[in-house]
Amino acid sequence: MGDTFTKVKITTAFEGKPNARAIKTYVDNDGYAGLKKALGMQPGQIIDEVKASGLRGRGGAGFPTGMKWSFVPKDDKGAKYIICNNDESEPGTFKDRYIAECNPHMILEGMIIAGFAIGANKGYIYTRCDFFDEIKWLETAIREAYDAGFLGDNILGSGFKFHIDHYAGAGAYICGEETGLLSSLEGKKGQPKLKPPFPAISGYLHRPTIVNNTETLAAVPWIINHGAAAHKTMGTEKSPGTKLFCLSGRVKRPGVYELPLGYPIEKLIHEDAGGMLPGYNIKACIPGGSSAPILTAEELKGLTLDYEAIAAKGSMLGSGAIMIIDDSMSMAELLKVTVEFYHHESCGQCTPCREGTGWLANIMTGIMAGEGKKDDLQRMFEISRNMEGKTICALSDAAAMPTKSIVTKFGAEIADFIERGKRA
Amino acid sequence: MSETVTFKLNGKDITVSKGTTVMEAARRENVEIPHFCWHPGLSVAGVCRFCMVKVEGRPKLEIACNLQATNGMDVKTDTDEAKSAHKWALEFHLVNHPLDCPICDQAGECGLQDYYMSVGKYQSQMTRPKVLKPKMLDVGRDLVLDTERCILCSRCVRFEEEVTKTGALGIFDRGDRAIIGTYPGEKIEHNYQTNLVDICPVGAFTSRDFRFKQRVWFLKDKPATCPGCSTGCSVDVFGKPETRSYFRIKPRKGEANGHWMCDKGRHMYSHLNQDVRLRTALTTDTKGRRHDTNFAGAIEDLGKRIAAVNPATDIALLVSAQHTSEEYKSLFNFFVQELGVKKVFQWREPTEKIDSFDGLLYRGDHNANTRGLQNELKEAGFATEVKNEFDFVAGSGAKIVIAITPEIPSTCPSLEKQLNHLTELDFVSFWTSAGSVGDNKKSKHALPMKGFAEKKGTFINHDGKPGKLESPFPCPVVDGRDITEIVAALKSWRHSHGSR
Ligand SMILES: Cc1cc2nc3c(=O)[nH]c(=O)nc-3n(C[C@H](O)[C@H](O)[C@H](O)COP(=O)(O)O)c2cc1C
Ligand code: SF4
Ligand code: SF4
Ligand code: FES
């Protein structure tokens, strides 16, 4: 294997360039070339090209992007919307902000192309409020794009009209869930909407809406510019293209890595990131954000970073947030912060999620206070099992999956902790 | 014919119109799917996640309330997987519930209790302290809210949004800290508050009026039509026959009212309780002394007085519109057709705004049977314009006035004044259930009447639609009669005393 991995950078192409974020830098380096090409195509052709590229949603679920776009009713001439999900709220994830840092125009270009493909004339970027700089950069980029004629009522003389507004959320994890985001954007409490209907049919203000992750949209200009076939040469058959991985934990060089899908995780950790800091060993790894089931160090052997390979190990690629858990960390502590996070963030409409996340956190509070009971882990497993697949959105599953995997794979350590009634 | 679809529910083929949900279809088939957030009069929220059903060929259970039936769909409500999901959903609902059934008014008609018996029966696994939330909140004139008992089904929020359109309630905070409440400094003000008590599947909203008065399993409910205004909502009256007392009124699904009724209507039981009612008949002897008497005694007195006058010139009927059409018919049959009485006056509240309407249910005509009285007056040969003719009685020259009072004093602000006027006349026979008639020392003759919950008959509402009274409670007043029974007694007295 070794050096057969592509060095092509798509979403981080402007990493380290001087004046990287300026529109001039972008345009001088093929920026908005994808848009120009797209405006000469039929909308249906663009959707077909994205389908053929094999691009899958980078927000967590990995849903095929072209297919999602094709769900928008074609004969509906009314208002439609493109939403860029830049909420980046999954713990361990810090990639979307990095795209905005490297070059925000790529995001705008992806949105305009997507808008042209589905017949939308309006787009919103929804960014979590804590990203002060990124918000500033995105808003500057929007102004620059208007001035350069890439946004407006008649884009590059094509007659196509597209506008983008920026919206800052208030920092709720649930507003990263696409329909929670839409509720928030509509000015309501950030709560996911009951599906069906799905957003592609009835989304923002009950109109057809496509919500895509920032990284997904940012990959679109390259695909249109270079063609689906070029995209398919990178990555694996079922997971083509490159993906941003957010590596954290006690490795020597944590950070964002753009790598082709199918890249060996051990190579990433030990070569690209330089291995573990001295004195620390890998105990476990959360491969796709805090919602992904945990993998043991053992399970990382030979594992490649693509949707299928990680799913085969019972976890998921998710947002691409790889969190290395080292041998200095307490699994009880890890479980506690995990369930507390979901307890804090559950919107509370669905009973299994509202009560389940609270119950899990409540039990962990007891365990941490030395009041744990012998059957607590079994109970947590059962509670989690019954929170899964039962709710409006996947937050409930996102709490259940890591819990189940941690109590299953590291039950002995936590049981020992409960037994001794104090920190392991 | 609208388009139909055929699907299987627990193995049985069912045909429903397209767009029907599995929940709706199951209700029609009497197949119980446990549910909390779904309500037939509100939009679908899909939040309690209780109504899980198995659809063959689909990997996950689905919620029946948001699942439209399609051709060939094979739905099962009773697989092991579905049953386990129901049990767990209930357990989640109860994890932080205070379980204070012994002091909760909802006990006996609570979704949590009922479902525990039907789909729960698990051993609680909750070993940790529960989440505590505010209790005994004053959120409106007729309501007390206990947010700890609340299961956050959002029915009440949707009711305020969709039915009253006030948006008076919201869910504040999130996760298991979420609580139902009004906006800061505000309270629910409208006339439909107690519907929240009905639709709340648990004891979170309780009725200030009904609170702590009675265990519901001691109550008997009987269908009736609300006498509070000319809308004529279908209702159930809840009473305790053993003690001959009444406790509350709830809406029953009906054409006029859908699922709801107003708060004014809720109080239409209080005038029926003994403490405010005329409990004995009254007569006045030849020496002018007033006596309590029994029914027969009062009939005899009135019968004699009628026999002594010329009905055409000397008798006047003063008739309110809060009684049934059947009663009016018998009244006019006897007095107009048989005796030839010519002076018949409508008795209405002078301050009423008869055409006012709040857009939902409550109307300014606080008489349940204005239309019915009009119909019977017309039958009997009188003009049919609705108007208050009270003031004509005094100058009518009648020696005997039969005054059939409104049944519900609270709907007539001028009633006391009007009663005082009447007691100034020569002789008035009050047919009434109002206790104040007996308390007035100047009343000379009175016959206690049955209330709407104690008789059979029909009200015709503003729209010309009939509302039935058909399942009477025993009258708490031994001598209470309806108009038809009084007329029959007068008739038989008259016949047995030689007149025809
Ligand atoms: C609880 C929860 C939080 C989520 N947070 C994010 C997020 O912060 N950013 C994001 O892009 N997608 C997030 N998602 C996924 C979105 O719902 C949605 O699938 C995604 O934005 C679709 O874009 P994609 O198809 O391009 O991946 C979240 C999902 C859930 C259930
Ligand atoms: S699963 Fe949890 S976060 Fe998602 S809608 Fe339901 S209660 Fe809210
Ligand atoms: S108060 Fe009652 S109706 Fe309202 S959400 Fe709570 S349980 Fe449901
Ligand atoms: S009744 Fe279907 S989810 Fe509540």
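Remember, predicted model here, so these are calculated numbers, not experimental data.

The secondary structure content of chain A amounts to 17 helices and eleven strands. On C-alpha atoms alone, chain A measures out to a radius of gyration of 22 Å, which is about the 22 Å that the 2.2 N^0.38 rule sets for 424 residues. Here the C-alpha coordinates of chain A stretch approximately 75 × 50 × 35 Å along the principal axes. Put simply, 70% of the contacts in chain A that link residues at least 6 apart link residues at least 24 apart. Approximately 15,600 Å² of chain A is accessible, and the part contributed by carbon and sulfur atoms is 54%. Of note, chain A has its 48 positive side-chain charges centred 2 Å away from the centre of its 50 negative side-chain charges.

Under the counting rule described, the total for this entry stands at 66 salt bridges over all chains. A salt bridge links Lys409(A) to Glu299(A); its shortest N-O distance comes to 3.0 Å. One end of the pair, Lys409(A), is in helix α16 (residues 395-409); the other, Glu299(A), is in the loop between β9 (295-296) and β10 (304-305), with 110 residues separating them in the sequence. Note that Glu340(A) and Lys336(A) form a salt bridge whose closest N and O atoms lie 3.5 Å from each other. Linking Glu340(A) with Lys336(A), this pair stays in helix α13 (residues 331-345), spanning four residues, or about one helical turn. Several salt bridges share partner residues, and in doing so they unite Asp100(B), Lys135(B), Asp146(B), Glu148(B) and Arg149(B) into one network.

Residue and element names in this part refer to chain B. Taken in spatial order, the five strands of this open sheet run β2-β1-β5-β3-β4, and their pairing is mixed. Strands with a single pairing partner mark the edges of an open sheet, and in this sheet they are β2 (12-17) and β4 (62-63). Pairing of strand β1 (residues 4-9) with strand β5 (residues 74-76) involves two bridges; the strand directions are parallel. By the bridge assignment, Leu9 is partnered in β5 with Val75.

This part is about the packing of helix α7 (residues 295-307) of chain B against helix α13 (residues 483-496) of chain B. Angle between the axes and distance between the axes: these two values describe a pair of packed helices. Residue and element names in this part refer to chain B. Where α7 contacts α13, the two axes come as close as 9 Å, and the packing angle between them is 60°. The orientation of α7 relative to α13 falls into the category oblique. Crossing of α7 against α13: the hand is right-handed. Residue-level contacts link Phe295, Ile299, Glu300, Leu302, Gly303, Lys304, Ile306 and Ala307 of α7 to Glu485, Ile486, Ala489, Leu490, Trp493 and Arg494 of α13.

Per the domain assignment, the segments of chain B are domain 1 (4-93) and domain 2 (275-496). If you average the C-alpha positions of domain 1 of chain B and of domain 2 of chain B, the two centres end up 53 Å apart.

A word on the nonpolar core. Grouped together as the largest cluster of nonpolar side chains are 140 residues, with contacts concentrated most on Phe7(B) and Phe205(B). Ranked by the residues each element gives to this core, the list is headed by helix α14 (residues 351-368) of chain A, at seven residues. Residues Ile118(A), Leu151(A), Phe162(A) and Met234(A) belong to the second largest nonpolar core, which totals 56 residues.

Moving on to the site of ligand 3. Around ligand 3, a shell composed of 13 residues is seen, among which Cys150(B), Cys153(B), Ser154(B), Cys156(B) and Cys200(B) lie nearest. Of the residues that constitute the shell around ligand 3, the class distribution is eleven nonpolar, one polar and one charged.

What follows deals with the interface of chain B and chain A. Counting from both sides, the interface comprises 34 residues of chain B and, opposite them, 36 residues of chain A. In total, about 2,800 Å² of surface goes out of reach between chain B and chain A, with carbon and sulfur atoms giving 52% of it. For chain B, the biggest contributors to the area lost against chain A are Phe92(B), Arg128(B) and Arg174(B); these three give 28% of the whole. Viewed at the interface, chain A and chain B are joined by two salt bridges. Put simply, Arg128(B) and Glu371(A) hold a salt bridge, and the shortest N to O gap is 2.8 Å. Where chain B packs against chain A, one counts 20 residue pairs in polar contact (both at pLDDT 80 or more).

Further remarks concern the sheet that holds strand β1 (residues 81-86) of chain A. Strands pair in a sheet through their backbones, by hydrogen bonds, and they do so in one of two ways: parallel or antiparallel. Residue and element names in this part refer to chain A. With respect to topology, four strands assemble into an open sheet ordered β3-β2-β1-β4, the strand pairing being parallel. Each having just a single partner strand, β3 (163-168) and β4 (209-213) make up the two edges of the open sheet. The average undirected angle you get between the axes of adjacent strands in this sheet is 20°. In this structure, β1 lies alongside β4, joined through five bridges in parallel fashion. Directly across from Cys84, in β4, lies its bridge partner Asn212. Contacts from helix α7 (residues 132-147) reach β1, β2 (122-127) and β3 within the one sheet, and its direction differs from that of β3 by about 165°.

With that settled, consider α14(A). With 18 residues, α14(A) extends 25 Å from end C-alpha to end C-alpha; this agrees with the ideal 26 Å at 1.5 Å per step. A large share of α14(A) lies buried, amounting to 16 of its 18 residues.

It is worth spelling out the environment of Lys36(A) at this point. Residues and elements named next belong to chain A. Secondary-structure assignment places Lys36 in helix α2 (residues 33-39). On the basis of relative accessibility, which here comes to 46%, the residue Lys36 falls in the partly exposed class. Considered as a pair, Lys36 and Asn225 are 189 residues apart in the sequence and their alpha carbons are 9.0 Å apart. When sequence neighbours within four positions are dropped, the list of residues in contact with Lys36 reads Phe150 and Leu156.

A separate point is the packing of aromatic side chains. Residues and elements named next belong to chain B. Under the counting rule described, the total for this entry stands at 29 aromatic pairs over all chains. With centroids separated by 4.9 Å and ring planes inclined at 25°, the aromatic side chains of Phe36 and Phe50 adopt a geometry described as stacked. Taken together, the residues span a long stretch of sequence, with Phe36 in the loop between α1 (22-28) and β3 (52-55) and Phe50 in the loop between α1 and β3 at a distance of 14 residues. With relative accessibility at 0%, the residue Phe36 sits in the buried group. Here the aromatic rings of Trp217 and Phe218 are separated by 6.2 Å at their centres, their planes lie at 55°, and the arrangement is tilted. Judged by relative accessible area, Phe218 falls into the partly exposed class, the value being 43%.

This part takes up the confidence of the model for chain B. Predicted confidence across chain B gives a mean pLDDT of 96, with 99% of residues reaching 70 or more. For this predicted complex, the interface confidence comes out at an ipTM of 0.94, alongside a pTM of 0.95.

Residue and element names in this part refer to chain A. Domains assigned within chain A are domain 1 (23-232), domain 2 (242-326) and domain 3 (331-423). A separation of 35 Å is found between the C-alpha centroids of domain 1 and domain 3. Both sides of the domain 1 and domain 3 interface together cover about 870 Å² of buried area, and 67% of this is carbon and sulfur. For the domain 1 face of the interface with domain 3, the top three residues by lost area are Tyr173, Ile174 and Pro192, together amounting to 52%. At the boundary of domain 1 and domain 3, one finds two residue pairs in polar contact (both at pLDDT 80 or more). A class-by-class count of the residues in the side of domain 1 that touches domain 3 yields six nonpolar, three polar and four charged.

Residue and element names in this part refer to chain A. Taken together, 18 residues sit near ligand 1, with Gly59, Ser89, Asn212, Asn213 and Thr216 positioned nearest. Asn213 has a polar side-chain atom sitting 2.7 Å from an oxygen atom of ligand 1. A breakdown of the residues in the shell around ligand 1 according to their chemical character gives four nonpolar, eight polar and six charged.

So, about the side chain of Lys240(B). All names here are of chain B. Position of Lys240 among the secondary structure elements: in strand β12 (residues 234-240). The charged side chain of Lys240 is buried without a salt bridge, its nearest counter-charge being Glu242 at 6.1 Å. In terms of polar contacts, Lys240 uses its side chain to reach the side chain of Gln214, at 3.4 Å. Beyond its immediate stretch of four places on either side in the chain, Lys240 contacts Gln214, Phe218, Leu219, Ser245 and Phe247.

Before going further, it helps to spend a moment on α7(A). An ideal rise of 1.5 Å per residue puts 22 Å on 16 residues; α7(A) measures up with 23 Å between its terminal C-alpha atoms. Backbone geometry just after α7(A) places Gly149(A) at a positive phi near 85°.

Rules of the game
- Residues numbered from 1 in each chain as written.
- Chains lettered and ligands numbered in written order.
- Predicted model: local features only at pLDDT ≥ 70, side-chain atom pairs only at ≥ 80, totals over all residues.
- Heavy atoms only, no water.
- Helix = DSSP H or I, 4+ residues; strand = E, 2+ residues; numbered from the N terminus.
- Rg over C-alpha atoms; globule rule 2.2 N^0.38 Å.
- Contact = heavy atoms within 4.5 Å.
- Areas by Shrake-Rupley, 256 points an atom, 1.4 Å probe, with all protein chains shown as cover.
- Lys, Arg positive; Asp, Glu negative; His and termini not counted.
- Charge placed at Lys NZ, Arg CZ, Asp CG, Glu CD.
- Salt bridge = Lys/Arg side-chain N within 4 Å of Asp/Glu carboxyl O.
- Pairing = 2+ DSSP bridges.
- Axes fitted to C-alpha atoms, helices over the stretch in contact; angles between N-to-C directions.
- Parallel < 35°, antiparallel > 145°, perpendicular 65-115°, else oblique.
- Left-handed = near helix turned anticlockwise from the far one by under 90°.
- Domains from an automatic or database assignment.
- Core = buried A, V, L, I, M, F, W, Y, C linked by side-chain atoms within 4.5 Å.
- Buried < 20%, exposed > 50% of the residue type's maximum accessible area, 1.4 Å probe, protein only.
- Near = heavy atom within 4 Å.
- Nonpolar A, V, L, I, M, F, W, Y, C, P; charged D, E, K, R; others polar.
- Buried area = accessible area lost by both parts, 1.4 Å probe.
- Polar contact = N/O pair within 3.5 Å; in protein donor to acceptor, adjacent residues only side chain to side chain.
- Expected span 1.5 Å × (residues − 1).
- Phe/Tyr/Trp six-rings, centres within 6.5 Å; stacked < 30°, edge-to-face > 60°.
- pLDDT = per-residue confidence, 0-100.

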